Amino acid sequence: MRILQVNDLSLSFGGLNVIDRLSFDVEDGSIVSLIGPNGAGKTSVFNCLTGFYRANSGEIRFLDKSVTKLKPHKITQKGMARTFQNLRLFKQMTVLENVMSGMHCRTHAGALGAVLRNARQCREEAHIRSVAEECLDFVGILGLKDRMARNLPYGDQRRVEWARALATRPRLLLFDEPAAGLNYDEKERLMRLIRRIREELNITIFLIEHDMGLVMRISEKVVVIDYGKKIAEGGCDAVQCDPKVIEAYLGREDEEGMADERNGP
Amino acid sequence: MAGLEERLFVFFDKRSHRRLVQGLLVLVAVLIPLVGDSYLLEILTNSFFYIVLCLGLNIVVGYAGLLDLGYAAFFAVGAYTTGILTSQFDWNFWLTIPAAVFFSIIAGVIIGGPTLRLRSDYLAIVTLGFGEITRIVARNLKELTGGASGLIGINRPSFFGLELSQIHHYYYVFFILVLLAIFVSFRLQHSRLGRAWQYVREDEDAAEAMGINRVAIKLYAYVIGAVFAGVAGCFFAGKMTAISPETFQFMQSATILMAVVLGGMGKIPGMIVGALALILFPEVFREIGSIRMLVFGLVLVMMMIFRPQGIWPERRN
């Protein structure tokens, strides 16, 4: 079954085509990566999928229903969670409170329940807490639950964000550059964690990543985009040998100077 | 100063210590009418009234992080509901409270619905406009509100046959209102809803990505804040027995907001300290004459420079 289908998606800002008639699928239970040079439009694709950008045309189907025009919170409710490229934690709150935010869309207590603190509301609070603690335990930082989020080291802040996304009880998890800023050991742990999320929690993984070693080791399928267009899709080996991909990353031999300029040092 | 703060933190970390101080404060507040004169009671009753308003605005500004410059509008809705229903339709005072709650909710939804889609500065401007609109409507709906001269002859509430007419009656009425407002604020703050407000305040996009409907959550804060002001407005009308549109000027909204910022946004004890400081400062320094407002202004500016988080300290890590 295809959990996510993107058909002919286009997005432009003014005259700039950020995403250009992009189509691809994500199979249920797979680990898929979206790669491309800097500025290729990867994060824009994520923002369209999660409802932060409204695509100009095309359709996004999630679990066989169109989510193209839904607001971000509705999409999360339907089971698609994301992490952000630059950490977006609730910095002044504790780690546990951060992760509890994920359960918001799965619970219902309102103002009256809060004031009366009735049995149902208490049960729900206990449930939110226990799910949040489970998620923290899953990513291995349960011991830090009462620390203030802003005081954690960077690697642990990343893990808080993963736990928070897990707490929304997703079917599909979008990771935006999860390995950015992590050291070698942390990357190894991240890879094990991603596999465990898929195997133990049965969650499909779709990620953007620049670390090619990590992408090639973990993904079952890779989608490559450049200038918002899909230039290749398939297994790791096939994509790595694709001349178009090599060109996008390294440039053609006769315009090496330009390629250097584009990809930076 | 820092050392003292540290020691206080350690002291208040213990639940039993907190309970003890809270109990003593309540006891002192209950006993004051036995010794205080009516001047003191009048000032304290007024402070209690502002504490309730501050706690209400704190839900909007402190918890949800929305800058509201027209809060007096909701206070006006409550006061006019009681005023009109008792003086023109002869309702019992107590029955006007549910009506005021109802109209406050309606007003909150009408004002909040379209404006809460806006972000920060724009929201402040629009709420400022709505605050003024409410006051001008009250001045011009002559048949209902009595126009610029306002309403007189509002029924005083009575309690089991005792008409509440003395200042110490109102002292206790507003004191109970304060306790109720603190209780509701505290429960809201430590709930799913309270956390959602804080998520939206800290990072709207991240909150939205976590499945939180940011417009609905803000509207919730706005409406609950409106209900606080509406109920306070009922008792204000009952105590004064006369109200006029000039009570609900922009200065009123600004004063409440000032107390909230002064005390420390988002903190319940901060609201109490802020409202008390706001009301007591001009009274205590009455001797230095009209210059006292200038001094008060200077103190506020100094506060914002040296302690922008407000009088009450931040929670520790």
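Quick caveat, the model's predicted, so the values are computed rather than measured.

Observations regarding the sheet that holds strand β1 (residues 2-13) of chain A
All names here are of chain A. Judged by pairing direction, the sheet is antiparallel, and its four strands sit side by side in the order β2-β1-β4-β5 without closing on themselves. Here the strands that pair on one side only, and so sit at the sheet edges, are β2 (16-27) and β5 (65-66). Bridge count between β1 and β2: eight bridges; the pairing is antiparallel. Within the sheet, the bridge partner assigned to Leu11 lies in β2 and is Ile19. Taken strand by strand, helix α1 (residues 42-49) contacts β1, β2 and β4 (57-62), and its axis lies near 65° from that of β2.

Looking at the packing of helix α3 (residues 38-63) of chain B against helix α11 (residues 214-240) of chain B
Residues and elements named next belong to chain B. Across the interface, α3 lies against α11 with an axial gap of 8 Å and an inter-helix angle of 170°. Classified by the angle their axes make, α3 and α11 are roughly antiparallel. Where α3 approaches α11, its residues Phe49, Val52, Leu53, Leu55, Gly56, Leu57, Ile59, Val60 and Tyr63 are matched on the opposing element by Ala221, Tyr222, Ile224, Gly225, Phe228, Ala229, Ala232 and Phe236. Residues belonging to the contact of α3 with α11 are distributed by class as follows: 15 nonpolar, two polar and no charged.

What about the interface of chain A and chain B?
Facing the 30 residues of chain A at the interface are 25 residues of chain B. Mapped onto the side of chain A that touches chain B, the elements with two or more residues apiece are α2 (72-78), α3 (95-100) and α4 (111-116) of chain A. Here the side of chain A that touches chain B is composed, by residue class, of twelve nonpolar, twelve polar and six charged.

Here's the deal with the confidence of the model for chain A
Residue and element names in this part refer to chain A. Looking at chain A as a whole, the pLDDT averages 90, with 95% of positions reaching at least 70. Averaged over each element, pLDDT in chain A is lowest for helix α11 (residues 256-263) (48) and highest for α3 (96). In the predicted structure, residues 256-265 sits below a pLDDT of 50 and forms seven contacts with residues beyond four places in sequence or in another chain.

Digging into the nonpolar core
Counting 163 residues, the largest nonpolar core has Val52(B), Cys54(B), Ala221(B) and Ala232(B) as the members making the most contacts within it. Among all residues touching Cys54(B), those that are not within four sequence positions of it are Ile256(B), Ala259(B), Val260(B), Gly263(B), Met271(B), Gly274(B) and Ala275(B).

Notes on the packing of α3(B) against helix α12 (residues 250-263) of chain B
If you want to describe how two helices pack, look at the angle between their axes and the distance between the axes. Residues and elements named next belong to chain B. Across the interface, α3 lies against α12 with an axial gap of 9 Å and an inter-helix angle of 75°. As far as their axial angle goes, α12 and α3 are roughly perpendicular. Residues Tyr50, Leu53, Cys54, Leu57, Asn58, Val61 and Gly62 of α3 touch α12, and the partners they reach there are Ile256, Leu257, Ala259, Val260 and Gly263. Its residues assigned to classes, the contact of α3 with α12 shows nine nonpolar, three polar and no charged.

Calculation criteria
- Residues numbered from 1 in each chain as written.
- Chains lettered and ligands numbered in written order.
- Predicted model: local features only at pLDDT ≥ 70, side-chain atom pairs only at ≥ 80, totals over all residues.
- Pairing = 2+ DSSP bridges.
- Helix = DSSP H or I, 4+ residues; strand = E, 2+ residues; numbered from the N terminus.
- Contact = placed C-beta atoms within 7 Å.
- Axes fitted to C-alpha atoms, helices over the stretch in contact; angles between N-to-C directions.
- Parallel < 35°, antiparallel > 145°, perpendicular 65-115°, else oblique.
- Nonpolar A, V, L, I, M, F, W, Y, C, P; charged D, E, K, R; others polar.
- pLDDT = per-residue confidence, 0-100.
- Core = buried A, V, L, I, M, F, W, Y, C linked by C-beta atoms within 7 Å.
- Buried ≥ 20, exposed ≤ 12 C-beta atoms within 10 Å, placed from the backbone.

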